[in-house]
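# Fold and contact review
Read off the chains here:
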Amino acid sequence: MAAAIMQKMPGVSAIMIDYADEMVRLAKERFQDKPEVAYFKYDLNHGLPEEVFEGVYDLVVSGFALHHVDFPNRLPLYRQILQVLKPGGVFLNGDRFAEESTEVNGWMFNNWVSWMTDRATERFGASRTFDQIRMRQLEMDKEFGDKPGSLWEMERELRAAGFKSIDCLYKNQVCALVCGVK
Ligand SMILES: C[S@@+](CC[C@H](N)C(=O)[O-])C[C@H]1O[C@@H](n2cnc3c(N)ncnc32)[C@H](O)[C@@H]1O
């Protein structure tokens, strides 16, 4: 995503945050020719790194990371994101979400697993069954601490944090793109 943004907006500077050494290493390697990019290995459960508060930003983007952050730490993080945005600045979160009802959430999860099962065959020639992929996804959710919240929960928290307008720009099965404007 960062690469796509930088391609559209040449000269833009960016800060990249992830708490995994490997992700930071890969990002540094990928953007080694871009001195305008800074990197922080930081756990978002503690909010944003101190250095981020030295600037103000047009855009804060997150891709499939915030559903790993512990629930009580999300609102304080949204407050900090709002704080570092310029007036009119935008927060975009493309992420995994859960439905509010356990039953509907089960349907959506299974739809997603069906999609992955078809794709595993079509794209990678792998012959995994629906049950195998479902089981592996449930194991990975545990292993990596996936805790998707609902869209409505995020909307409530963004509003509580002080975002002026909140929209869902896209939703398909368990994935959605949410946008909050300062
Ligand atoms: C599914 S990957 C997405 C990576 C990248 N954002 C992207 O869109 O390609 C989720 C990432 O979130 C990071 N992550 C999970 N919990 C985090 C936390 N509490 N603080 C910072 N990064 C975290 C993981 O290390 C992992 O790189």
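Parameters at a glance
- Residues numbered from 1 in each chain as written.
- Predicted model: local features only at pLDDT ≥ 70, side-chain atom pairs only at ≥ 80, totals over all residues.
- Helix = DSSP H or I, 4+ residues; strand = E, 2+ residues; numbered from the N terminus.
- Expected span 1.5 Å × (residues − 1).
- Buried ≥ 20, exposed ≤ 12 C-beta atoms within 10 Å, placed from the backbone.
- Core = buried A, V, L, I, M, F, W, Y, C linked by C-beta atoms within 7 Å.
- Contact = placed C-beta atoms within 7 Å.
- Pairing = 2+ DSSP bridges.
- Right-handed = clockwise from strand over helix to strand, strands pointing away.
- Axes fitted to C-alpha atoms, helices over the stretch in contact; angles between N-to-C directions.
- Left-handed = near helix turned anticlockwise from the far one by under 90°.
- Nonpolar A, V, L, I, M, F, W, Y, C, P; charged D, E, K, R; others polar.
- Near = placed C-beta within 6 Å.
- Domains from an automatic or database assignment.
- Parallel < 35°, antiparallel > 145°, perpendicular 65-115°, else oblique.

The end-to-end C-alpha distance of helix 4 (residues 102-124), which contains 23 residues, comes to 31 Å, matching closely the 33 Å that a straight helix rising 1.5 Å per residue would cover. Glycine 125 lies just past helix 4 and shows a positive phi near 65 degrees.

A few words now on unusual backbone geometry. For phenylalanine 64, which is not glycine, the phi dihedral falls at a positive 55 degrees. For phenylalanine 64, the position within the fold is in the loop between strand 3 (57-63) and helix 3 (74-84). Residue glutamine 173 is not a glycine yet carries a positive backbone phi of 50 degrees. Overall, the presence of 17 C-beta atoms within 10 Å leaves glutamine 173 in the partly exposed class.

Before going further, it helps to examine the nonpolar core. In this structure, Leu77, Tyr78, Ile81 and Leu158 are the most contacted members of the largest nonpolar core, which totals 15 residues. At the level of elements, helix 3, strand 4 (85-96) and helix 6 (151-161) are the ones that each hand at least two residues to this core. The residues contacting leucine 158, other than those within four sequence positions of it, are Tyr78, Phe163, Ile166 and Gly180.

In the sheet, strand 3 pairs with strand 4 via six bridges, with the strands oriented parallel. Following the sheet pairing, glycine 63 is matched in strand 4 by glycine 94. This β-α-β element, strand 3 to helix 3 to strand 4, shows right-handed connectivity. Strand direction decides the pairing type here: strand 4 and strand 6 (residues 175-181), joined by seven bridges, are antiparallel. By the bridge assignment, arginine 96 is partnered in strand 6 with cysteine 175.

Two elements in contact, helix 4 and helix 5 (residues 130-144), have axes separated by 9 Å at closest approach and are oriented at 115 degrees. Taken as a pair, helix 4 and helix 5 cross one another with a handedness that is right-handed. Between helix 4 and helix 5, the residues in contact are Val113, Ser114, Met116, Thr117 and Ala120 and Phe130, Ile133, Arg134 and Gln137, respectively. Each residue belonging to the contact of helix 4 with helix 5 can be placed in one class, and the counts come to five nonpolar, three polar and one charged.

What surrounds the ligand is the set Asp18, Tyr19, Ala20, Met23, Asp43, Leu44, Asn45, Gly63, Phe64, Ala65, His68 and Val69. Classifying every residue of the shell around the ligand gives seven nonpolar, three polar and two charged.

Let's shift gears to the domain arrangement of the protein. Per the domain assignment, the segments of the protein are domain 1 (2-101 + 146-181) and domain 2 (102-145). Its C-alpha centre places domain 1 at a distance of 25 Å from the equivalent point of domain 2.

All right, on to the sheet that holds strand 4 then. Taken together, four strands build an open sheet; the order of strands is 3-4-6-5 and the sheet is mixed. The outermost strands of the open sheet, each flanked by one partner alone, are strand 3 and strand 5 (165-172). The average angle at which neighbouring strand axes cross in this sheet is 10 degrees, direction not considered. The sheet strands contacting helix 3 are strand 3 and strand 4, and the helix crosses strand 4 at an angle near 140 degrees.

At a minimum axis separation of 9 Å, helix 3 and helix 6 run at an interaxial angle of 50 degrees. When the axes of helix 3 and helix 6 are compared, the pair comes out oblique. The interaxial crossing formed by helix 3 with helix 6 has right-handed handedness. On helix 6, the residues that touch Arg74, Leu75, Tyr78, Arg79 and Leu82 of helix 3 are Glu157, Leu158, Ala160 and Ala161. Looking at side-chain class alone, the contact of helix 3 with helix 6 contains six nonpolar, no polar and three charged residues.

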